[in-house]
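The lines below spell out each chain.
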Amino acid sequence: MPETVHHRGLDTQGYIEREGSLGRIPHTFRPVVATARDRLIGLYGGRLNSAYLYGSIPRGTARVGRSDLDLLVVTRQEPTEEDRAEARNLGEALDKEFPEIDGVGTLLYGRARLLSELETYDLGWFVACLCTPLLGEDLAEDLPRYRPDSQLARETNGDLALLLPRWRERIATAEDTDEARRPLVRHMSRRLVRTGFTLVMPRWNGWTSDLREMAEAFAAYYPERAEALHKAAECGYEPTGDAGVLRSYVDDLGPWLAEEYARVHGVKASRPD
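Residues numbered from 1 in each chain as written. Predicted model: local features only at pLDDT ≥ 70, side-chain atom pairs only at ≥ 80, totals over all residues. Heavy atoms only, no water.

Caption draft 1: Spotlight on the overall build of the protein. Across its full length, the protein carries eleven helices and four strands. Here the C-alpha radius of gyration of the protein, 18 Å, is about what a compact globule of 273 residues would show, namely 19 Å. Each principal axis of the C-alpha distribution contributes one length, and for the protein these read about 50 × 50 × 40 Å. Intrachain contacts of the protein at a sequence separation of at least 6 include 77% that bridge at least 24 residues. Roughly 13300 Å² of accessible area belongs to the protein as shown, and the carbon and sulfur atoms make up 49% of that amount. Side-chain charges in the protein split into 36 positive and 45 negative, and the spacing between the mean points of these groups amounts to 1 Å. (Helix = DSSP H or I, 4+ residues; strand = E, 2+ residues; numbered from the N terminus. Rg over C-alpha atoms; globule rule 2.2 N^0.38 Å. Contact = heavy atoms within 4.5 Å. Areas by Shrake-Rupley, 256 points an atom, 1.4 Å probe, with all protein chains shown as cover. Lys, Arg positive; Asp, Glu negative; His and termini not counted. Charge placed at Lys NZ, Arg CZ, Asp CG, Glu CD.)

Caption draft 2: Summary view of the layout of surface pockets. The space that makes up the second largest pocket amounts to roughly 280 Å³. Lining the second largest pocket are R84, A87, R88, G91, E92, D95, V104, G105, T106, L107, L108 and Y109. In terms of residue class, the lining of the second largest pocket is built from five nonpolar, three polar and four charged. (1 Å grid on protein atoms, 1.4 Å probe; cavity = no way out; pocket = protein on both sides within 12 Å on 5 of 7 lines; lining within 4 Å. Points joined across faces, edges and corners; volume = space filled by probe spheres on them. Nonpolar A, V, L, I, M, F, W, Y, C, P; charged D, E, K, R; others polar.)

Caption draft 3: Focus on the environment of M214. If you trace the backbone, M214 turns up in helix 9 (residues 211-219). Taking the C-alpha atoms as reference, M214 lies 20 Å from L246; in sequence the two are 32 residues apart.

Caption draft 4: Seen up close, the side chain of D138. Of note, D138 is situated in the loop between strand 4 (131-136) and helix 6 (150-157). Here D138 is in contact with R18, Y52 and P133, once residues within four sequence places are set aside.

Caption draft 5: Region of the structure containing the packing of helix 8 (residues 178-204) against helix 11 (residues 243-265). Helix 11 packs onto helix 8 with a crossing angle of 25° between their chain directions and a minimal axis gap of 10 Å. For the element pair helix 8 / helix 11, the angle class is roughly parallel. In this structure, the crossing between helix 8 and helix 11 has a hand that is left-handed. Contacts from R181, L184, V185, M188, S189, L192, T195, G196, T198, L199 and P202 in helix 8 reach A243, V245, L246, Y249, L253, G254, L257, E260, Y261, V264 and H265 in helix 11. Here the residues of the contact of helix 8 with helix 11 are counted per class, giving 14 nonpolar, six polar and two charged. (Axes fitted to C-alpha atoms, helices over the stretch in contact; angles between N-to-C directions. Parallel < 35°, antiparallel > 145°, perpendicular 65-115°, else oblique. Left-handed = near helix turned anticlockwise from the far one by under 90°.)

Caption draft 6: Seen up close, the nonpolar core. Counting residues in hydrophobic clusters, the biggest one holds 57 residues, and the most contacted among them are W125, L160, W167, W207 and Y249. When residues in this core are grouped by element, the largest group, ten residues, is from helix 8. Once residues lying within four places of it in the same chain are set aside, the contact partners of W125 are I16, E119, T120, L130, Y146, L152, T156 and W207. Membership of the second largest hydrophobic core comes to 23 residues, among which are I57, A62, I101 and L135. (Core = buried A, V, L, I, M, F, W, Y, C linked by side-chain atoms within 4.5 Å. Buried < 20%, exposed > 50% of the residue type's maximum accessible area, 1.4 Å probe, protein only.)

Caption draft 7: How the structure looks around the environment of P255. Tracing the backbone shows P255 in helix 11. For P255, a relative accessible area of 27% gives the class partly exposed. Spatially, the C-alpha atoms of P255 and A161 are 7.0 Å apart, while their sequence positions differ by 94 residues. Setting aside chain neighbours within four positions, we find P255 in contact with L164, R168, Y249 and V250.

Caption draft 8: Just the side chain of S67, in detail. Tracing the sequence through the fold places S67 in the loop between helix 2 (56-59) and strand 2 (69-75). Here R63 takes part through its backbone nitrogen, which lies 2.7 Å from a polar atom of the side chain of S67. With residues up to four places along the chain from it excluded, the contact list for S67 reads S56, A62, E100, I101 and D102. (Polar contact = N/O pair within 3.5 Å; in protein donor to acceptor, adjacent residues only side chain to side chain.)

Caption draft 9: Quick peek at the packing of helix 7 (residues 160-173) against helix 8. Following both chains from N to C, one finds helix 7 and helix 8 inclined at 165°, their axes separated by 12 Å at the closest point. One way to sum up the angle between helix 7 and helix 8 is to call them roughly antiparallel. Read as a crossing pair, helix 7 and helix 8 show a hand that is left-handed. Contacts between helix 7 and helix 8 involve L160, L163, W167, R170 and I171 from the first element and L184, H187, M188, R191, L192 and T195 from the second. Of the residues belonging to the contact of helix 7 with helix 8, the class tally is seven nonpolar, two polar and two charged.

Caption draft 10: How the structure looks around the pattern of salt bridges. This model, assessed by the stated rule, comprises 28 salt bridges. Two residues, R191 and D159, come together in a salt bridge whose shortest N-O distance is 2.5 Å. Separated by 32 residues along the polypeptide, R191 in helix 8 and D159 in the loop between helix 6 and helix 7 bring together distant segments of the chain. With respect to burial, R191 and D159 carry one shared label: buried. Here D176 and R181 are joined by a salt bridge, their closest N and O atoms 2.6 Å apart. Relative accessible area serves as the criterion here: at 67%, D176 is assigned to the exposed category. R181 sits in the buried class, given a relative accessible area of 12%. Members of the salt-bridge network, linked through shared partners, are R113, E119, D122, R154, E155, D159, R191, K268 and R271. (Salt bridge = Lys/Arg side-chain N within 4 Å of Asp/Glu carboxyl O.)

Without other data, these values stay purely geometric and don't point to any function.
Structure below.
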């Protein structure tokens, strides 16, 4: 069994460093980020508490025409259906106007939810470590520092068993085309790789958001499942529309990973929603 020797993504005290910054945004993506920032102000006004970027654009690894723009919007009160509709409309408009991106993903939460005790080691960690401040208050100032431990693993990805029935339903109702299946493969591949990585994260003792590095870290502890996770990492970057890939996720890799995760770290605390 490999020893715990890695420290990638940690500071000198062993805490996970915040990834990404506005300074790392590639020049090509700066116009869409500036437009998103200005429109968020116009749309939400005084309702807006904060806005963040996350994903490949603030990490500086985005690919032109292939990467999406990922936004986290925080409202002062719990978001309304109107707030959610405005976020969807904004994303659709930006996607049409800027060919540099391939879609917009917007998460929308209220400030109290993100700072709640229940979310400290899930959404709170996400804000503090994976999100780059774009507008307003930085909630990381009210959140703790985080180590790559079992509690963090459990509360971030310990809910895979709950997701699998939803995945099966999405697969069953999707159109029988590669084009319809490709987004599902991309989404599920990324989630499985991240779950596989956080399964071993406390032993690996570090953090990375690179899917291939995640799969490599996992492989050191579960060599018998290494090939499956390496393939999922590749599908996370270059998704196929193969129905067989989706079936393997919900019939084999997903159930095994959910069971092993629960055995090692336990199950994520239930959420009201």
